[in-house]
Amino acid sequence: MATDLRPRTATSTPPGSAPPERPRTGLKDRISRVEVRWSPYLFVAPFFVIFAVFGLFPLVYTAWVSLHDWDITGAGAFVGLDNYVTLFADPDFWNSVHNTLGMLVLATVPQLLMALVLASLLNQKLRGVTFLRMGVLLPIVTSVAAVGIVFSQIFDRDAGMVNGLLGLVNVDAVDWRADKWSSWTAIATMVNWRWTGYNALIYLAAMQAIPKDLYEAATVDGAGRIRQFWSITVPNIRPAIVFTVIMSTIAGMQLFTEPLIFGQGSFAISGGSLRQFQTVSMYMFEKAFRDFDYGYGSAVAWMIFLLITVLGVVNFLITRRSK
Amino acid sequence: MGVRPRRALLATTLLSSLVAASACGGGTADSASGDVTLIVKTFSQFGYDELYKEYEASHPGIKIKEENIGKLGDYTPKLQQWLATGKGAGDVVAIEEGILSQFMAKPDQFVNLLDHGAKELSGNFLPWKWQQASTSDGSKVIGLGTDVGAQGMCYRRDLFEAAGLPTDRDAVGKLWPTWDAYIATGRQFKAKSPDVGFYDSTGGLYLNMLMQSGDHTYYDATNKLVIDSNAAVRSTWDKSIEMVQAGLSADIEQWSPQWNAGFKNGTFATIPCPSWMLGTIEKQAGPENKGKWDVTKVPGNGAVRGGSFLAVPTQSTHQKEAAELAKFLTSAKGQTSAFKAKNNFPSSPQAIDDPAVQDFRNPYFNDAPVGKIFGDSVKALKPVYLGPDNNAIGDRVGNALLAVEQGKLQPGEAWAKAVDDAKRLAK
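None of these values were measured; they are calculated from a predicted model.

1. Observations regarding the domain arrangement of chain B
Residue and element names in this part refer to chain B.
Stage number 1. Annotation of chain B at the domain level lists domain 1 (36-148 + 306-358) and domain 2 (149-305 + 366-426).
Stage number 2. Domain 1 and domain 2 are separated by 28 Å when their C-alpha centres are compared.
Stage number 3. Tallying the contact residues gives 20 residues for domain 1 and 22 residues for domain 2.
Stage number 4. Across the domain 1/domain 2 interface, buried area totals approximately 1,600 Å², and carbon plus sulfur atoms make up 58% of it.
Stage number 5. Here domain 1 is connected to domain 2 by zero salt bridges.
Stage number 6. Counting across the interface, domain 1 meets domain 2 through three residue pairs in polar contact (both at pLDDT 80 or more).

Structural data, given as structure tokens:
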């Protein structure tokens, strides 16, 4: 960091000229003091204003709606916690939570492990390394809808590529949408395909900040590549790992587009005939925008928020404790 | 130290003037003329373009603008929102029959068309179509019928031939006077062509049979949920299960990509087709399959799936002009024109008997006399009362049937689940 320590000649008073006329600038001075005091707030204000309008207000308003019997025509009776009481006894809600958590595990764990491996490979001296590094970022540029449509065809029961390959090794065709395990696998595959490269790049950036002499010392001490990876690389990029775990958890809890496109027909929002792959955000959408039970939908939305918060804290504690 | 705050002030000034400037740019130009612009809200395709031009020509000073949303599923929540907030619904709105009952529950949102001379028009509509959009005491009419989803049975001639079945549409129609005969034909078909589905998915057939089975389905006329006490629903369910167990289904969900491809690839041989579905089939099967699909009568005595109304919301600022336009569009002449444009089958007896409809043949479907086939089906119709959550309950029953098709539930379990889901929903 080079800091310019030379005097700013253009604006500071040139030496030898008349002394600054302090008394005359009383008002100006006061304005400039107010400015100094408040302009930093002004600069950070856009974020907070936007957050208040698009983040905080909806959050609070949703909580308010969730305490009412609220349909399309507007506020109905205040029902207190009735919506939450019904929600806790609603098997479809718990089913959707179960599905979401299942797909979260299936999508996050392999994804981050693959990203770690990919990042350490990209951290080597390779031919065309920039090309490869940019290449892993391509899936994230693809639109979710396109990913959903293409993978839905790959996992099609009658004409899908996966069933075709399984057929080559004499495995019976799988009806991917009919079971939990199969639909979760198909959807997790979409998520993994799309996000692995993104996480790999975050890890790669963190890896490049690790001092080279650590590896040199380890090599001198006789540590192999794999030992170096687990004992030097991983501990040194822990903040990046914590970040990706939390981000993946948040994204996983809000999983919506992939399973929606994977589902078929006019009632795709139900996520399969027996709600095999309906996520909790799909359930929220179904209740609020298909059944027009806004109160109930808002209660589901708040439960998603609480779940994410709980999972975030758990993530944070686990990753911090193992430090 | 002295510099930064001043720059900040400059930046803020610049920023705020920028905001002010962009705020000024948002104004809209107002037309100064005295013309009345009527906004018509529709979904899918109503085929009104020619009619608008004609109406504008004969009514100087009236301009018509149609605002269309492709899918009914996207249109419905918007319409509900416009009506609930009292803004945005325009002057004339289209209402589909499956969502009509929820709007009938709030008749104040719509102009009583009887006040605008609709009374003498009742003879221009099939009686049940007129009834559907009238309040029970008959004092208020909120909508005028446009089309009805007259039902036919579409089938693939080449697949029938390969299975040793007749291909001529009259002979095919005679194969299935009843649904039992349809199942028997299906078994015969599967014996010869085991790899082809006799029909696409059981949900569509279930719906068709349900609409033939009585004057109400999941709700009785007092909006009480009767899904488990209405014998007609149960017997339709049982008949559907019989079809699943006979292995007639291709297990392809309607409106899925596989379903779209199935029309082209011939993965199923028959499908009950409301008149508006002919366009879908033609588009999906493509020009190379022209003449392979044909239309004949549906088993049982006709049925209806879908069909719409035009209504004038009270929020319209030109209620009188809007009501006149709605009357024009739903007149026998208007309905005939819409039929010719988009195959939307008329709900006006005069239009149904119009030679332009009666003699209409669809060249894509082997020159099938669709005007006559659908016309006969419509005249055999009895009105069916659909309650408030009809469509949502239908979705759940459809899912239960699908679970049986997938082999994930036994028929008994699936029925219990459907009833349970319906009860939880209607609670």
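2. Quick notes on the nonpolar core
Residues and elements named next belong to chain B.
Stage number 1. In this structure, Tyr 48, Leu 79, Val 93, Ile 95, Phe 110, Leu 325 and Leu 329 are the most contacted members of the largest nonpolar core, which totals 46 residues.
Stage number 2. Among the elements of the structure, β1 (36-43), α2 (49-58), β2 (62-69), α3 (72-85), β3 (92-96), α4 (97-104), β8 (304-311) and α13 (319-329) are those that each provide at least two residues to this core.
Stage number 3. The biggest single contributor to this core is α13, with six residues.
Stage number 4. Once you skip the residues sitting within four places of it in the chain, Leu 325 turns out to touch Leu 38, Val 40, Tyr 55, Ile 64 and Val 92.
Stage number 5. Residues Trp 128, Met 211, Phe 263 and Phe 345 belong to the second largest nonpolar core, which totals 35 residues.

3. Some details on the side chain of B:Asp200
Residues and elements named next belong to chain B.
Stage number 1. As for its position among the elements, Asp 200 is in the loop between β5 (197-199) and α9 (202-212).
Stage number 2. With a relative accessible area of 0%, Asp 200 lands in the buried category.
Stage number 3. Those residues in contact with Asp 200 that sit more than four places away from it in its chain are Ser 249, Ala 250, Asp 251, Ile 252, Gln 254, Trp 259, Phe 268, Thr 270 and Ile 271.

4. Brief notes about the environment of B:Phe345
Stage number 1. Turning to its location among the elements, B:Phe345 is positioned in the loop between α14 (332-342) and α15 (349-353).
Stage number 2. The spacing of B:Phe345 and B:Gly307 is 38 residues in sequence and 8.4 Å in space, taken between C-alpha atoms.

5. Observations concerning the interface of chain A and chain B
A common way to express how large an interface is: the accessible area buried when the components associate.
Stage number 1. Contact with chain A, which involves 35 residues of that partner, is made by 34 residues of chain B.
Stage number 2. Taking both sides of the interface into account, the surface hidden between chain A and chain B amounts to around 2,700 Å²; carbon and sulfur atoms contribute 54%.
Stage number 3. On inspection of chain A and its partner chain B, the count reaches six salt bridges.
Stage number 4. Put simply, B:Arg424 and A:Asp90 hold a salt bridge, and the shortest N to O gap is 3.1 Å.
Stage number 5. Counting across the interface, chain A meets chain B through 12 residue pairs in polar contact (both at pLDDT 80 or more).
Stage number 6. Looking at the side of chain A that touches chain B, the elements that each hand over two or more residues are α1 (26-65), α3 (91-122) and α13 (280-290) of chain A.
Stage number 7. Top contributing element to the side of chain A that touches chain B by residue count: α1(A), with five residues.
Stage number 8. The residue makeup of the side of chain A that touches chain B, split by class, is nine nonpolar, 10 polar and 16 charged.

6. Quick word on the environment of B:Asp91
Residues and elements named next belong to chain B.
Stage number 1. Topologically, Asp 91 is positioned in the loop between α3 and β3.
Stage number 2. By relative accessible area, Asp 91 is classed as buried at 5%.
Stage number 3. Distance from Asp 91 to Ser 316, taken between C-alpha atoms, is 4.8 Å for residues 225 residues apart in sequence.
Stage number 4. When residues no more than four places from it in sequence are discounted, the contact partners of Asp 91 are Thr 37, Leu 38, Ile 39, Ala 311, Val 312, Pro 313, Ser 316, Thr 317, His 318 and Ala 322.
Stage number 5. From its side chain, Asp 91 meets the backbone nitrogen of Ile 39 in a polar contact 2.8 Å long.
Stage number 6. Looking at Asp 91, its side chain comes within polar contact range of the side chain of Ser 316, at 2.7 Å.

7. As for the packing of helix α6 (residues 144-154) of chain A against helix α8 (residues 180-208) of chain A
The relative placement of two packed helices is expressed as an angle between their axes plus a distance between the axes.
Residues and elements named next belong to chain A.
Stage number 1. Two elements in contact, α6 and α8, have axes separated by 10 Å at closest approach and are oriented at 135°. It follows that α6 is oblique to α8 by the angle criterion. α8 is crossed by α6, and the crossing has right-handed handedness. Contacts between α6 and α8 involve Val 144, Val 147, Gly 148, Phe 151 and Ser 152 from the first element and Thr 189, Met 190, Trp 193 and Arg 194 from the second.
Stage number 2. Split into classes, the residues belonging to the contact of α6 with α8 amount to five nonpolar, three polar and one charged.

8. Focus: the pattern of salt bridges
Stage number 1. For the coordinates displayed, the defined rule picks out 28 salt bridges over all chains.
Stage number 2. In this structure, the salt-bridge partner of A:Arg157 is A:Asp158, at a minimum N-O distance of 2.9 Å.
Stage number 3. You can call A:Asp158 exposed: its relative accessible area is 52%.
Stage number 4. A single network of salt bridges, built from pairs that share partners, joins A:Asp90, A:Asp92, A:Arg275, A:Glu286, A:Lys287, A:Asp291, B:Arg396, B:Lys417, B:Asp420, B:Asp421 and B:Arg424.

What counts, and where the lines are drawn
- Residues numbered from 1 in each chain as written.
- Chains lettered and ligands numbered in written order.
- Predicted model: local features only at pLDDT ≥ 70, side-chain atom pairs only at ≥ 80, totals over all residues.
- Heavy atoms only, no water.
- Domains from an automatic or database assignment.
- Contact = heavy atoms within 4.5 Å.
- Buried area = accessible area lost by both parts, 1.4 Å probe.
- Salt bridge = Lys/Arg side-chain N within 4 Å of Asp/Glu carboxyl O.
- Polar contact = N/O pair within 3.5 Å; in protein donor to acceptor, adjacent residues only side chain to side chain.
- Core = buried A, V, L, I, M, F, W, Y, C linked by side-chain atoms within 4.5 Å.
- Buried < 20%, exposed > 50% of the residue type's maximum accessible area, 1.4 Å probe, protein only.
- Helix = DSSP H or I, 4+ residues; strand = E, 2+ residues; numbered from the N terminus.
- Nonpolar A, V, L, I, M, F, W, Y, C, P; charged D, E, K, R; others polar.
- Axes fitted to C-alpha atoms, helices over the stretch in contact; angles between N-to-C directions.
- Parallel < 35°, antiparallel > 145°, perpendicular 65-115°, else oblique.
- Left-handed = near helix turned anticlockwise from the far one by under 90°.

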